[in-house]
Structures are given as C-alpha cells and as structure tokens.
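Residues per chain are reported as follows:
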Amino acid sequence: MDKGHSKKDKLTVKTGVNMSNTKKTERVIILIIMALTIFSISVWALLQSLSYLKETDVPKNLDTLTLSIDIDKLGTDILSKVQFETKLEQIDETVARSLLEVSDNSTLKLYMGGGNYSDQLILISSSDNKEALSDQTALEQYLSDAKKSFDTYLPEQAKKISDTVLIKSGCYTVACVTNDIDNAEKVIKNSFKKNTNSEIKTNTEPDVINSTASSIEVSKNTDKQMKYKKIYSDEEVISYPSDVIIIGDTAYEQYDYIENIAVKYTDTINNIADALKEKSDIYSIIVPTSIGITLPDNKKNEANSSNQKKALEKIISNISSDINVVPLYNKLMQHRKEYIYFRTDHHWTCKGAYYAYSEFCKSKQITPNKMKDYKKVSFGSFMGSFYKETEQSESLKKDQFYVYYPFSNKDLTLEYTNSDGVTVKGNVIEDASNYGESLKYSAFIDGDNPLTIIENNAIQDNTSCIVIKESFGNSFIPYLTDHYKKIYVIDYRYWNGNLVDFIDENPVDDVIIINNISMTRNSYQVGKMSLLVEDSNGI
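These notes cover the structure that comes with them. (Residues numbered from 1 in each chain as written. Predicted model: local features only at pLDDT ≥ 70, side-chain atom pairs only at ≥ 80, totals over all residues. Heavy atoms only, no water.)

**Let's talk about the pairing of strand 11 (residues 281–287)**
Side-chain direction in a regular strand flips from residue to residue, so the side chains alternate between the two faces of the sheet. Taken across its seven residues, strand 11 has six buried, putting it largely inside the fold. Two elements, strand 11 and strand 20 (residues 510–516), share seven bridges in a ladder whose sense is parallel. Within the sheet, the bridge partner assigned to Ser284 lies in strand 20 and is Ile513. Both strand 11 and strand 12 (residues 324–326) contribute to a ladder of three bridges, which runs parallel. Residue pairing across strands places Ile285 opposite Val326, the latter belonging to strand 12. (Buried < 20%, exposed > 50% of the residue type's maximum accessible area, 1.4 Å probe, protein only. Helix = DSSP H or I, 4+ residues; strand = E, 2+ residues; numbered from the N terminus. Pairing = 2+ DSSP bridges.)

**Some points on the sheet that holds strand 6 (residues 172–177)**
An order of 2-3-4-6-5 is seen for the five strands of this open sheet, with the pairing classed as antiparallel. Only two strands of the sheet have a single partner each, and these edge strands are strand 2 (89–90) and strand 5 (165–169). Here strand 5 pairs with strand 6 via five bridges, running antiparallel. Bridging from a neighbouring strand, Leu166 pairs with Ala175 of strand 6.

**What about helix 12 (residues 350–364)?**
Between the first and last C-alpha of helix 12 there are 20 Å, a value that for 15 residues agrees with the 21 Å anticipated at 1.5 Å per step. Counting buried residues along helix 12, 12 of its 15 residues qualify, which places the element largely inside the surrounding structure. When helix 12 is considered as a whole, its buried residues turn out to be Cys350, Lys351, Gly352, Ala353, Tyr354, Tyr355, Ala356, Tyr357, Ser358, Glu359, Phe360 and Cys361. As for helix 12, its buried residues are in contact with strand 11, strand 12, helix 11 (329–334), strand 14 (399–405), helix 14 (477–480) and strand 20. (Expected span 1.5 Å × (residues − 1). Contact = heavy atoms within 4.5 Å.)

**Details of the sheet that holds strand 15 (residues 412–417)**
Spatial strand order, 12-11-20-18-19-17-15-16: eight strands in an open sheet with mixed pairing. Whereas interior strands pair on both sides, the edge strands pair on one side only; in this sheet they are strand 12 and strand 16 (423–426). Between one strand axis and the next, the sheet turns through 20° on average, direction left out of account. Contacting strand 11 and strand 20, helix 7 (residues 259–275) runs over the sheet at an angle of about 170° to strand 20. (Axes fitted to C-alpha atoms, helices over the stretch in contact; angles between N-to-C directions.)

**Quick word on the pattern of salt bridges**
By the definition in use, this model includes 31 salt bridges. Lys364 is the partner of Asp510 in a salt bridge, and the nearest nitrogen-oxygen pair spans 2.7 Å. You can see Asp510 sitting in strand 20 and its partner Lys364 sitting in helix 12, a full 146 residues away along the chain. Overall, Asp510 belongs to the buried group, its relative accessible area being 1%. Between Arg493 and Asp448 there is a salt bridge, and its shortest N-O distance comes to 3.3 Å. A residue pair is termed long-range when its members are at least 10 positions apart, and Arg493 in the loop between strand 19 (486–491) and helix 15 (499–505) and Asp448 in the loop between strand 16 and strand 17 (451–456) qualify at 45 residues. The burial state of Arg493 is the same as that of Asp448; both residues are buried. A single network of salt bridges, built from pairs that share partners, joins Asp448, Lys469, Asp491 and Arg493. (Salt bridge = Lys/Arg side-chain N within 4 Å of Asp/Glu carboxyl O.)

This is the structure:
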C-alpha cells in the first residue's frame, strides 16, 4: 500500500511539472506574436511615410528640415505666384532692419506695399538654429506691432496680419501677409522644395532662448523731487492675454521698456533732426500712458509694468541737444487725480492733451489759452479699445467723451488724404454725438489719415508746423490751431513720402514729433517713422 501510494505521488508531481512548462511556452509564443505585430506596424508606418514624401515631394513638417535656399530666388517665386492688393517693392536691407531687428549675422529680405496696405513678404536666413529662434521671436513681435498699427485705422488690413502665412524651416523663415492665404501657403512650400540646393536632412532640436526686456539703468535723477497725490485701490488686479489689466472700473495697458527699440527710437528722432537742421525747429513729445500716471500706487507691484518715469529719463537722455524736449511726466503726475485718461481706452482725454499743449507752449515760449475759456461739449458715452481687449468686461465704467473747441474754430478748414488717396474735407472737431460708442475718438481731426492739412484763416502771418504723430497726437492738434496759420499732420504709419523733400516744398517753422511711450517699444512703428528720412524706394 505504501509503495502504491508513493507511485501515485510521483505521478502527481510529474504531471504538475508538465503543466507549468506548457504555460511558459504559451507566454513566450504570445510575446513573440506581439513583438512581430508591433514590428510589422512600425514597418508599415515607415513605408507609408516614405510613400507620402515620394508622392508629394513636399516636406510635411518644414520645421524639422534643414535646407540650403537662395532666398532671393525664393522671394521672386513667391511674388510672381501670390496675389497681393498692392505691388510689393523690396526695400534696402538697412532700412528693413530698422523695421525688423533680426540677428546681425542673419539676412533679411523685406517686400512692402504702400502705407495703406499691410501686404508684405518677409524672408529671413539665419546663421544657425539658435539665431533662427531669436529671429522668429523678433518677427512675431514685429507682426504683432504691425497689427496694432492698423487695428483702428484699417481693421481689414489688421485682419490680414492676423492671418499671416508663417512658415519656419530650419534656419529659414518666411512670412506672407496677403488675402491669398491658401495659395500663399502652397506656393511657399513648393518654393521651398524648388529652391532647395542640397539634400533634406533632419535637424537637431534647436536651443531654447529666453527673450526678456532689458532692464532700465539710469543715473540718479538730479531734478527737484516732486510730490504727487497718492492713489489707492482695494480692488483686485485682473489680467488679460492682451496685456491689459483691470482694477475696479478702469483698465490699463501694461508697458515694458525694451532697451534696443528705445535706442532705435531716439536714433530715429536724432536722424530726423539732423536731416532738418537749419530748416525747422524740432520738438519731441513722449506721452506717458495711464499705467504710468494714474495706476493706484499700491498696485504697482501686481501690475508688473516698467517704471515709465525711469524709462522716459533714459530715452530723453539719448535725444540730441538740437531737439526741444517737452517733458510731460511731472505735469501729468501733478494732475493724476483728474480725468486725463480714459477708463475704457488707451488714449488720453482732451484734458490730458491740454496739459501737454500748455507744456509745449512753455517750451516754445508762447502763451497757452486757458482751459476755462474753451467751449466744452460732450458727445455722450464712449467705450474704447480696452473694452474690446477685456472681452467687453462689465466691470468697466463707460467714459464720458467731451471736447474743447479751438477759439478760432469757425475760421478753420481741414482736408485730408484718405487711405484711397482721395482728398476729403472735414473738421478739426467733428460732431461725434451720433457716432458709435467705440468710434468717438475719431472726432479729433477726423481720425488717423496719412496727410491732413489745417488752415486758420483768422491768422495773417505765415506761421506753420508739421506734426508727426500716431493717434495720441489727434487730441493734441486742435489746441495748436489757434497758434499756426497752417498745420500739416503726417501719420508716419500710413504716409508715403520723404520728409525732407516735403519740407523743401512746404517750408515750416516747427516740426513737432509726438508719440505715446508704448510706441517707443514698437519696432514696426519706429521703423516706419525712420522711413521719413531714409531712402526706402518710395515705400
């Protein structure tokens, strides 16, 4: 019995061992089948990818390729096949760099149309992937600045910039601003392929560059320290992607000082003064924005905006001594609790512009009119650019839009050349009471136009000036009409012409350059202003 029992035990053990081996074998087979399946799928995907490239012969992702390209030929190809609203002309590379600051070792080709059109073609050949990334960052900022320039004046042109065809490939970047979007994308990709002089190779991952604004370093201010009334708020700071913040019922635009663009701005002002030496007296006015003047003092750290007082000191310190600088910071700070900036818009009110006018008169040594003597008229409520940029925030309080009529208003004539080149008669102050709430600011000199001419028929002498401006200048200009027989207004963002030639034909006593401080960080606008005295092939 014991012997039989022993055999039964051995049989049981033997059977158990065989079952274990079978399970292991089954697992191995399953793993092999899975591995073969994964391998087969990978091979199939690779063949499909190769088949795609062979069939289309167009890179699917241009960002992953390194090409050797003749960008002159590339530009010619694109210009011949893409439709633009206006004829594009290549501008000198030195002038192009004043508009778009790429790396020193990069090559830039810029084709632009007239000032009333945003159409353009930009080609950049960078020396390596690291500089390409930096150049692409500069290009994106340039396009953003360009869009802001067209937003209020020609919104349909601004939309084209929003829809820019932007293709990056290794060390090459192409941006095309056109309504012919789908065709442009196809043509550029095909042109990349056609203009490739060497085999397509895979890139290594480019280095990441952190782009930050330069810090402001200024010497200790030796001017008498001014004391200003304090502003406080218990409201929270609400930020928006548009770089606009809301505190309570008021919005502000963030400002960041950018050293290299600020230097380019002062270089441009100095070049204009040098070109007009002994022709006219030059005045420079840089307007602080509301975040630098009326922002509550206890919210400055949360706002994280550059100090405009220091920025202005730095910028003004680089302006030529041949230029009459009209300082505004202290004057506006003395009136910071007054209604000198809109709550819902980036502009100043006509009261803020009045204080600038009074400072200009001090610099020119003439007597300003008194504010209380102006005829003040309200045109109703106003909801400006901040209302749109804060997604129509309900917390914003509507502005009340009012104007001060010039003393000689009945003796004034105004005509301007619009974006279509047509001469139109208008008024220094238009009755905007029936305008839409977002359009009230165009009451001043009929808005932004390339060239405006104002005459005061009550003045018998030949006093004259040119005002070179962006939109902040619009509400400032009506005050000047009581002091000059003729005023030429040039909006450098849209005017095509050479300032020296214009003044040779239309001699003036004064040239007044007025910009808000945000413009001094806008590479596109600084570049456009530099074209006033640069040889730019008429662009």
